[in-house]
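Structure at a glance
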Amino acid sequence: MNDEFATLKNIKDATFSEEQSTSDDVKGRYEPRRYPQVIKYMGSKAAILGFIGSELAKVHADGRPFVDLFAGACAISGGFGHVSKVISNDIQEYSAVISSIYLKRAEKIGNFDIIALASKIAGANLALIPKGTQYTPNTTLDEFNKVERANRDLLNRDFSHSHHLFTRVYSGTWWSAEQCVWIDAIREVLDDLLAKGKIEKSDFDFGLTCLMHSMAYTSQGTGHFAQYRDAKNIKGMADINKYRNASLPSIFKRKFDLLLEWNLQNVIDLEHEMVSMDYRDCLASIPPSVVYADPPYAFVHYSRFYHAMETIVKYDYPEIQHVGNKIVKGRYRVGRHQSPFCIKTKVKQAFIDLFDGVKKSDSDLLLSYSNTGMINIDELMQLAEATFGETYDVWFDHMSHTHMTMGRREDRSRTVRESLIMARKK
Ligand SMILES: C[S@@+](CC[C@H](N)C(=O)[O-])C[C@H]1O[C@@H](n2cnc3c(N)ncnc32)[C@H](O)[C@@H]1O
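Within each chain, residue numbers correspond to sequence positions counted from 1 in written order. With the structure being a predicted model, the display of local features is reserved for residues of pLDDT at least 70 and the display and counting of side-chain atom pairs for 80 or more, all residues being used for whole-chain, interface and lining totals.

**Quick notes on the overall build of the chain**
Put simply, the test is: A run of H or I in DSSP becomes a helix once it reaches four residues, and a run of E becomes a strand once it reaches two; helices and strands are each numbered from the N terminus. Put simply, a residue is buried when 20 or more other C-beta atoms lie within 10 Å of its own C-beta and exposed when 12 or fewer do; between those, it is partly exposed, and each C-beta is set from the backbone. Residues are scored as being in contact if the C-beta atoms we place from backbone atoms lie within 7 Å.
Within the chain, the secondary structure is distributed over 17 helices and nine strands. Counting all 426 residues of the chain, 46% fall into the buried class. Put simply, of all contacts in the chain between residues at least 6 apart along the chain, 74% involve residues at least 24 apart.

And the structure:
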């Protein structure tokens, strides 16, 4: 089991980001706002926004946008979307959808009861699901695994209704068939409202984000979608069964109400933009900005860990990866993105391209650094200095003791120090 996997298991359902601590000089303008988080995300920077705010204050010039170049679950949009225009980018499309709830107002979706609309569709589609796929609270391991297999067998069935992607491909994996029917039904309602012009794109993305949240918190997995768990013993079965019986529509509804209240009270549209590009293309498209870069620092690809989020957003009935003629257990999309930051032979050039792109756009840079063995800090600093050259000041900052102790209690014993490589045009 790799370290990231272990760390991810410890991520709690933080409904709201922590109260963030910033030093006195940053109080006010660069103080991160509290915002509701939506999915558990590997490498999320939600817990260190106070530190990032202090550093932003050192380089930000009025009128320049913040570019969150590897936005992930969008801590920057959540924390700083009220301070300045944000351009939120990530190669994964789900990230642009999540950032929308922090950056764009969802004015119309509150006019609709999404769950009431979806329940009509789900009711009809549940009737098409064969007997033997229902989970019961008290069961033996053998019976439970029989139900699991019956759920997974839906992969071999033909469905003729318009929205059946999750029901067919993911029943009995991270979700039960019943939960998958709900996932498809909610997506169908959102598609229909958008197609009929009853809601705007921001409302659609808002609904989709609530759906991602309810998928994340009913999943029987460990916080991502690299592998689902098998019930090997009674204890494992009991834990998986808790998730199998969780109500996806209830979790959706709860988050929907909470997020909508936050969105309408907090979101100011400062002409924010949400994009889904490779970081090099994004850098080639931006005006002079402050770029916050938080690239992956491990061998594992986000496109594998979060493929199910990408698929609910694209909803494109993707081809699923096979080995030989057998479908892979994780049911990954074919043609997933392979990040150069996660490939040992490409990582150095990936950073050179990053520094070069920032320089060519006349921007300043805050680069989060994690010491995970992909590239060491001395080498990275040398690359930064060589690429930025004489016209930039390049330096390295650690998270201060104050930031560490004022964070969550468990942060007090953190051994990994958060650090940033900074580059500012002279
Ligand atoms: C460490 S995570 C970012 C976490 C984020 N700062 C947060 O707080 O949620 C790194 C992100 O880089 C994205 N990524 C990987 N390769 C990329 C590329 N070539 N271009 C743009 N984004 C990429 C991944 O999809 C992932 O979301």
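**Comments concerning the nonpolar core**
Spelled out, the test is: We call a set of buried Ala, Val, Leu, Ile, Met, Phe, Trp, Tyr and Cys residues a nonpolar core when their C-beta atoms link them within 7 Å. Throughout the structure description, domain borders are defined by an automatic or database domain assignment.
Residues I183, I186, L211, M212 and Y292 are the most contacted members of the largest nonpolar core, which totals 108 residues. Counting only domains with at least three residues in this core, you end up with domain 1 (3-104 + 272-301 + 341-425) and domain 2 (109-266). The next biggest cluster of nonpolar side chains, apart from the first, holds five residues, and it includes Y135, V147, M237 and I240.

**Looking at the environment of A384**
Take A384: it is sitting in helix α16 (residues 377-388). Note on A384: 23 C-beta atoms within 10 Å, which makes it buried. Once residues lying within four places of it in the same chain are set aside, the contact partners of A384 are F355, V394, I421 and A423.

**Focus on unusual backbone geometry**
In this model, C74 sits at a positive phi of 75°, which is unusual for a non-glycine residue. Mapped onto the secondary structure, C74 falls in the loop between β1 (66-68) and α3 (75-80). Judged by the 33 C-beta atoms lying within 10 Å of it, C74 is buried. At Y315, a position not held by glycine, the phi torsion is positive, near 45°. Considering the arrangement of structural elements, one finds Y315 in the loop between α14 (307-314) and β5 (322-323).

**Points about the packing of helix α8 (residues 177-195) against helix α9 (residues 201-218)**
Filter applied, for reference: Between the N-to-C directions of two axes lies an angle of 0 to 180 degrees, each axis being a line fitted to C-alpha atoms and, for a helix, fitted only over the stretch in contact. With respect to orientation, any angle under 35 degrees is reported as roughly parallel, any angle over 145 as roughly antiparallel, any angle of 65 to 115 as roughly perpendicular, and every other angle as oblique. Throughout, the ten residues Ala, Val, Leu, Ile, Met, Phe, Trp, Tyr, Cys and Pro are labelled nonpolar, Asp, Glu, Lys and Arg are labelled charged, and all others, Gly among them, are labelled polar.
Two elements in contact, α8 and α9, have axes whose closest approach is 10 Å; the angle formed by their N-to-C orientations is 175°. Relative to α9, the element α8 is oriented roughly antiparallel. Residue-level inspection shows Q179, I183, I186, R187, L190 and L194 of α8 in contact with α9, the latter providing F204, G207, L208, L211, M215 and T218. Grouping the constituent residues of the contact of α8 with α9 by class yields eight nonpolar, three polar and one charged.

**A word on the confidence of the model for the chain**
Note the cut-off: Per residue, pLDDT measures the predictor's confidence, with a range of 0 to 100.
Across the chain, the average pLDDT comes to 90, with 89% of residues at or above 70. Note on residues 1-14: pLDDT under 50 across the span, and 17 contacts to partners over four residues away in sequence or across chains.

**Quick notes on the sheet that holds strand β8 (residues 392-398)**
The strands making up a sheet are joined through hydrogen bonds of the backbone, oriented either antiparallel or parallel. Here is the rule we go by: Following DSSP output, two strands are said to pair if at least two bridges run between them.
With mixed pairing, the seven strands of this open sheet are ordered in space as β3-β2-β1-β4-β7-β9-β8. Looking at the sheet topology across the chains shown, the edges are occupied by β3 (273-275) and β8. Going from strand to strand, the sheet's axes swing by 15° on average, the running direction of each strand aside. Where β8 meets strand β9 (residues 419-425), seven bridges bridge the pair, whose relative direction is antiparallel.

**Examining the pairing of strand β4 (residues 290-293)**
Here β4 shows a buried face lined by V290 and Y292 and a second buried face lined by V291 and A293. When β1 meets β4, the two strands line up parallel, connected through three bridges. The residue bridging F66 from the neighbouring strand is V290, located in β4. Where β4 meets strand β7 (residues 364-369), four bridges bridge the pair, whose relative direction is parallel. Paired with V290 across the bridge in β7 is D364.

**Some details on the packing of helix α5 (residues 114-126) against α8**
For the record, the criterion: We call a crossing left-handed when the near helix sits turned anticlockwise from the far one by less than a right angle, and right-handed when that turn is clockwise.
Running from N to C, α5 and α8 point in directions that differ by 130°, and their axes come no closer than 8 Å. In terms of their interaxial angle, α5 and α8 are classed as oblique. Crossing handedness for the pair α5 and α8: right-handed. Side by side, α5 and α8 meet where I114, L117, A118, I121, A122, N125 and L126 of the first sit next to E178, V181, W182, A185, I186, E188 and V189 of the second. Taken together, the residues of the contact of α5 with α8 sort by class into eleven nonpolar, one polar and two charged.

**Side note on the pairing of β9**
As paired elements, β7 and β9 share five bridges and run antiparallel to each other. Bridge pairing in β9 places L367 opposite I421.

**So, α16**
One turn of an α-helix holds 3.6 residues; hence residues three or four places apart share an orientation. We count it as follows: One less than the residue count of a helix, multiplied by 1.5 Å, gives the span that helix is expected to have.
Along its twelve residues, α16 runs 16 Å from first to last C-alpha, staying within 8% of the 16 Å computed at 1.5 Å per residue. Those residues of α16 that are buried are in contact with α15 (347-360), β7, β8 and β9. Backbone geometry just after α16 places G389 at a positive phi near 70°.

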